[in-house]
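Observations on the model geometry
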Amino acid sequence: MPRPFAPQSAFVGSSDYQLLPFRFHRLDQQTEILVNECGEFLFVPEGTARKIIQKEFPANSELYPTLKAKHFIYDESSSPLLDVLAAKYRTKFGFIYGSTKLHIFVVTLRCDHSCHYCQVSRQTLNQGQFDMSRDVATAAVDMMLQCPSKHITLEFQGGEPLLAFDTIKYIVSIAKDGAARLGKELDIVITSNLAFLTDDILNYCKAHEIKLSTSLDGPEFIHNSNRPRPGGDSYKVTIEGINRARRALGSSRVAALMTTTQLSLQHPIEIIDEYVRQSFHTIFLRPISPYGFALRSQHKTGYETDAFFEFYKAGLDHILELNRRGYNLVEIYTQILLRKILTPEGTGYVDLQSPSGAGLNVLVYNYDGSAYATDEARMLAEMKDYTFKLGRVLTNSRADIFTSPAFVALLQQGCNQSLPGCSDCAFQSYCGADPVYHHATQGDMTGHRPTSGFCRRNMKVMEHLFSLLRSGDSFIQDVFWGWVTDRNLAEMRASIPQ
Amino acid sequence: MRLHTTGIGLGFSGPIVARVATAPVPIDQRKDTALLLSFLGSAQDLHGYSAIVVRDKVDAPLGIPTMHSVQHIDHLASGHIIALEPLNGFIRTVYRPESKHNTLFATERCNSNCLMCSQPPIDKDDIAALTERNLKLIDLISPDPEYLCITGGEPTLLGDNLLAILSKLRDKMPSTYVHILTNGRRFAWPDFSHKFAEINHPNLSVGVPLYADYPSLHDYVVQARSAFDQTVLGLHQLARYGIQIEIRVVLHALTIPRLIHLAEYICRNLTFVDHVAFMGMEHIGHAPRNMSELWIDPVDYQPNLETAITILTRFGIETRIYNLQLCVLKPSLWKYSKQAISDWKNAYRPVCSDCEVQGRCGGFFQWATERQSRGVHPIKLN
């Protein structure tokens, strides 16, 4: 005897719903975007947020199940699934687990370049005076290895770190021993201008699986203008270095980053084309740094932010066009934001983290033994601003560093969940807090969002990305999803319906 | 394909599971073997067999469990494993070594009652008897198959009995890939999921149906309140233990309107699933009774299906289509189509004889005669 079937009405609960935390933002006259605590978003007609709050959505309305499924509202039948929301929230903030993952060692300040945007290099100083000592190196490695993370990245910076290659070798040897003893995975990167690359260095990098990261600011006229060195041949030296390093280590172990300057802002296409010419498949359109020389040489935030946005937008258009023509090129800033927007995962990119990644996800050990919260923080210190100096590796313990007044201040003002202007922003879960930036540009770690270049830039970039996502252009979706899931366009097309 | 027949039991009162022999075997191989005969020869040596299956009538007990007056014996072959049930005379083929689609049938019971269930549950306490049969069956299976499916009814209703079956499979045939078809609800209870995971079967996956992205619709389709919550929580429990999960979505008029939302839901809430299977509806069991509510011509939901698959595959979740003929699928979806209609179920229509892709097509269920898509037609390449 078959059991009888119950009608649909027997399974519909009451339509008395409650709100889950969400935020909203008007994208244009007709459309607003709703974003929940875990970054799930929904494009809806303008006025929808108000209707939701005023409980104008009956259970039989078309939007009701979507609001419920996407965790904007809950009703009496939702309660068991709030655990799922909690699991999603945990996933989003997974980057906090394990504490600091990126450890930057400034092994020397000596450098042959005198780049406009760098304020730390010391060209003419005696050897040794601005190099990291063995004692400092040993203590810094100890501190790095005390971080609970199973996966640690050790990055060498300078100055030009290859000028202190013996120090690098010493640090690599003790760090590798320590990591092996503690069962940690260790990734090692040297950030270098490659001017001092030798076969010995390349052999060493190959033997120790060390990656190289260099600066390539664009075509020759931009690169050489941004990065002066005696002889004015930085571009030539860099390209030669990239090619030698690729031959020795393989292309996947050689990366390039560009720094955006006033000059760069006029030339997004040329810069991107240079990356294509050099066979790179990633480019990071990074905002102008407000630190150091850039900060001192008058900083018109609004103007520069808008100019940067135009640069970014033109660049992204061009990158999409290159992909359309069959060249796979990923824009890293977009990739980071899209991962936050389109997937349940969080990402560990320091500038776009909340709680701020300063200290929590990156620590900088300066040549003189002082520890800083970020690379920018030690640049401020070179300009005599020691706000973000967390302590000294020779005299302070890891506990001292993480309970220092500077670190506590960073945490207190590094959560956009509670910052004025951020706490009710729809893009909060995709964005960061960047207290170091706001201290540097506004003299206040909390910062003032209406005049913040950081806020203005990220709002514009995210509005732009959402307008692209909303356009329904399936090619853009394919490229974006390829970036998010690390698949090139051919792989993406092979896996989706075509 | 015939999978059961009937006869008259003689000389035994409890069920027997045995391997079929169509010709006499040496005495040392007769244990757990049922000798299949058309008639009893005069001086036949029957000593040591666990049962005799005879097409002719047998009047007097042979001193060995006997099933006689058997209606059909031609479908039985050496190596098949059969279950003899003396009370109702059933002779079920429970395992065929030549098939890639063997199942362990766990129970007829179910705690759901899906509107389109192809095998409607029967509320009788068969768990002890079927568990005993399945444990014996596992003993007899040889060689180890590549694949074995545990189905029902709802296998998790077996509780500890399911764990016993899985333990035995793990120990006896660890390389056999075991797929459990379950509604997943019971896994919402952490102690059960924990015990299930502790079996630590090396080659296990579960197939769990999900029909909507919100509770009331899913609960209606499966005819059980709280089923959605339990299934989703159960999936999260299974994911905690790293158990492979297949999500199964049956396509019909109640699931199509939320199909795209369901794909989005999976990408946000169930990212850990191994793959998603979209299944054409079988027109058997409960489905015919509810057809007015369930029927939608597959050609009419191709855009929804394509969008749902685009969402999942862009996200990187592998997706498959089962039980839909290539001629009703959009060509862009052919690459997801798998020939999974079990070998004892699939068939082709007269119209298929002119089709140039029949060899790649899963065909129809043998019983799919009631409603037919208007899209069914022979495909000519170029």
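Everything below is about the structure printed above this text.
Residues numbered from 1 in each chain as written. Chains lettered and ligands numbered in written order. Predicted model: local features only at pLDDT ≥ 70, side-chain atom pairs only at ≥ 80, totals over all residues. Heavy atoms only, no water.

Some remarks on the pairing of strand S13 (residues 362-365) of chain A
All names here are of chain A. To keep it simple, the criterion reads: Three exposure classes are used, based on accessible area relative to the maximum for each residue type with a 1.4 Å probe and protein chains only: buried under 20%, partly exposed in between, and exposed over 50%. Under the DSSP-based scheme used, a helix requires at least four consecutive residues in state H or I and a strand at least two consecutive residues in state E, with every element numbered from the N terminus. A pair of strands counts as paired when DSSP detects no fewer than two bridges linking them.
Neither face of S13 is open: one carries Val362 and Val364, the other Leu363 and Tyr365, and all of them are buried. Where strand S6 (residues 102-106) and S13 come together, 4 bridges link them in parallel fashion. Note that in S13 the partner of His103 across the bridge is Leu363. One ladder, built from 2 bridges, connects S13 with strand S14 (residues 370-372); its direction is antiparallel.

Focus on unusual backbone geometry
The peptide bond linking Ser354(A) to Pro355(A) adopts the cis configuration, its omega dihedral lying at 0°. Positionally, Pro355(A) belongs in the loop between helix H13 (332-342) and S13. A cis amide bond links Gly152(B) with the next residue in sequence, Gly153(B), at an omega value of 15°. Inspection of the secondary structure assignment puts Gly153(B) in the loop between strand S10 (147-151) and helix H2 (160-172). Look at Lys55(A): it is not a glycine, yet its phi comes out positive at around 60°. Note that Lys55(A) resides in the loop between helix H1 (48-53) and helix H2 (63-69). Positioned with a positive phi, Ser99(A) is a non-glycine residue whose angle comes to about 60°.

Some thoughts on the interface of chain B and chain A
Cut-off, in case you're wondering: Whether two residues are in contact is decided by their heavy atoms: any pair within 4.5 Å suffices. Throughout, buried area stands for the accessible area (probe radius 1.4 Å) lost by two parts on being put together, summed over both. Salt bridge criterion: a side-chain nitrogen from Lys or Arg within 4 Å of a carboxyl oxygen from Asp or Glu.
Taken together, the contacts link 43 residues of chain B with 46 residues of chain A. With both chains or domains summed, chain B and chain A bury close to 3,400 Å², and 56% of this area falls on carbon and sulfur atoms. Note that Asp478(A) and Arg314(B) form a salt bridge whose closest N and O atoms lie 2.7 Å from each other. The set of elements that each furnish at least two residues to the side of chain B that touches chain A consists of helix H4 (215-222), helix H5 (227-240), helix H6 (259-269) and helix H8 (302-315) of chain B.

A word on the packing of aromatic side chains
Condition: Only Phe, Tyr and Trp rings take part, Trp by its six-membered ring, and two of them pair if their centres are within 6.5 Å. Stacked means planes under 30 degrees apart, edge-to-face means over 60, and tilted covers everything else. Working rule: Lys NZ or Arg CZ, within 6 Å of ring centre, within 35 degrees of ring normal, means a charge sits over the ring.
Tallied over the entire structure, the rule returns 29 aromatic pairs over all chains. With 5.6 Å between their ring centres and 45° between their planes, Phe480(A) and Trp483(A) make a pair best called tilted. On the criterion of helical spacing, the pair formed by Phe480(A) and Trp483(A) is a turn pair, its members being 3 residues apart in helix H19 (residues 474-484). When its relative accessible area of 4% is taken as the criterion, Trp483(A) is described as buried. Counting every residue linked through ring pairs, the aromatic cluster contains Phe41(A), Phe43(A), Phe427(A), Tyr430(A) and Phe466(A). The ring of Phe280(A) carries Arg246(A) above its face, with NZ or CZ at 4.3 Å from the centroid. It is Arg349(B) that lies over the ring of Phe364(B); its NZ or CZ is 4.0 Å from the centre.

Some words on empty space enclosed by the protein
As a reminder, the rule being used: Cavities and pockets are defined on a 1 Å grid built over the protein atoms alone: a cavity is a set of grid points where a 1.4 Å probe fits but cannot escape, while a pocket is an open set with protein on both sides within 12 Å along at least five of seven lines, and lining residues are those with an atom within 4 Å of any such point. Grid points are joined across faces, edges and corners, and a volume is the space filled by probe spheres set on the points. Gly is put with the polar residues, along with every residue not named as nonpolar or charged; the nonpolar set is Ala, Val, Leu, Ile, Met, Phe, Trp, Tyr, Cys and Pro, and the charged set is Asp, Glu, Lys and Arg. Domain start and stop points were drawn from an automatic or database domain assignment.
With the rule as written, the count across this model stands at 6 cavities of 30 Å³ or more. If you add up the space inside the largest cavity, you get close to 230 Å³. Looking at the largest cavity, it is lined by 20 residues, and the ones nearest its centre are Met281(B), His283(B), Trp295(B), Pro298(B) and Gln325(B). Residues of the lining of the largest cavity, tallied by class, amount to 11 nonpolar, 7 polar and 2 charged. Of the pockets and cavities examined, the second largest cavity occupies roughly 170 Å³. Lining the second largest cavity we find 18 residues, and of these Phe93(A), Ser354(A), Gln417(A), Gln428(A) and Ser429(A) sit closest to its centre. Of the residues assigned to the lining of the second largest cavity, the class counts are 5 nonpolar, 8 polar and 5 charged. The two domains that each donate at least three residues to the lining of the second largest cavity are domain 1 (8-92) and domain 2 (98-402) of chain A.

Details of the environment of Ser467(A)
Topologically, Ser467(A) is positioned in helix H18 (residues 453-470). When the C-alpha positions of Ser467(A) and Asp28(A) are compared, they lie 9.8 Å apart, and in sequence the two are 439 residues distant.

Examining the environment of Ala358(A)
Residues and elements named next belong to chain A. Structurally, Ala358 is set in the loop between H13 and S13. Counting along the chain gives 52 residues from Ala358 to Leu410, while the straight-line C-alpha distance between them is 7.3 Å. Setting aside anything within four residues of it in sequence, one finds Ala358 in contact with Val350, Ala373, Thr374, Phe407, Leu410 and Val436.

Thoughts on the nonpolar core
General note: in soluble globular proteins, nonpolar side chains tend to be found buried as a group. Here is the rule: In these notes, a set of buried Ala, Val, Leu, Ile, Met, Phe, Trp, Tyr and Cys residues joined through side-chain atoms within 4.5 Å is what counts as a nonpolar core.
Grouped together as the largest cluster of nonpolar side chains are 212 residues, with contacts concentrated most on Phe105(A), Phe196(B) and Leu305(B). For this core, the element with the most residues is helix H12 (residues 301-324) of chain A, which contributes 9 residues. Dropping the residues within four chain positions of it, Leu305(B) is found in contact with Leu251(B), Leu259(B), Phe278(B), Ile321(B), Leu324(B), Leu329(B) and Leu333(B). Of all hydrophobic cores here, the second largest spans 23 residues; its members include Phe11(A), Cys114(B), Cys117(B) and Val250(B).

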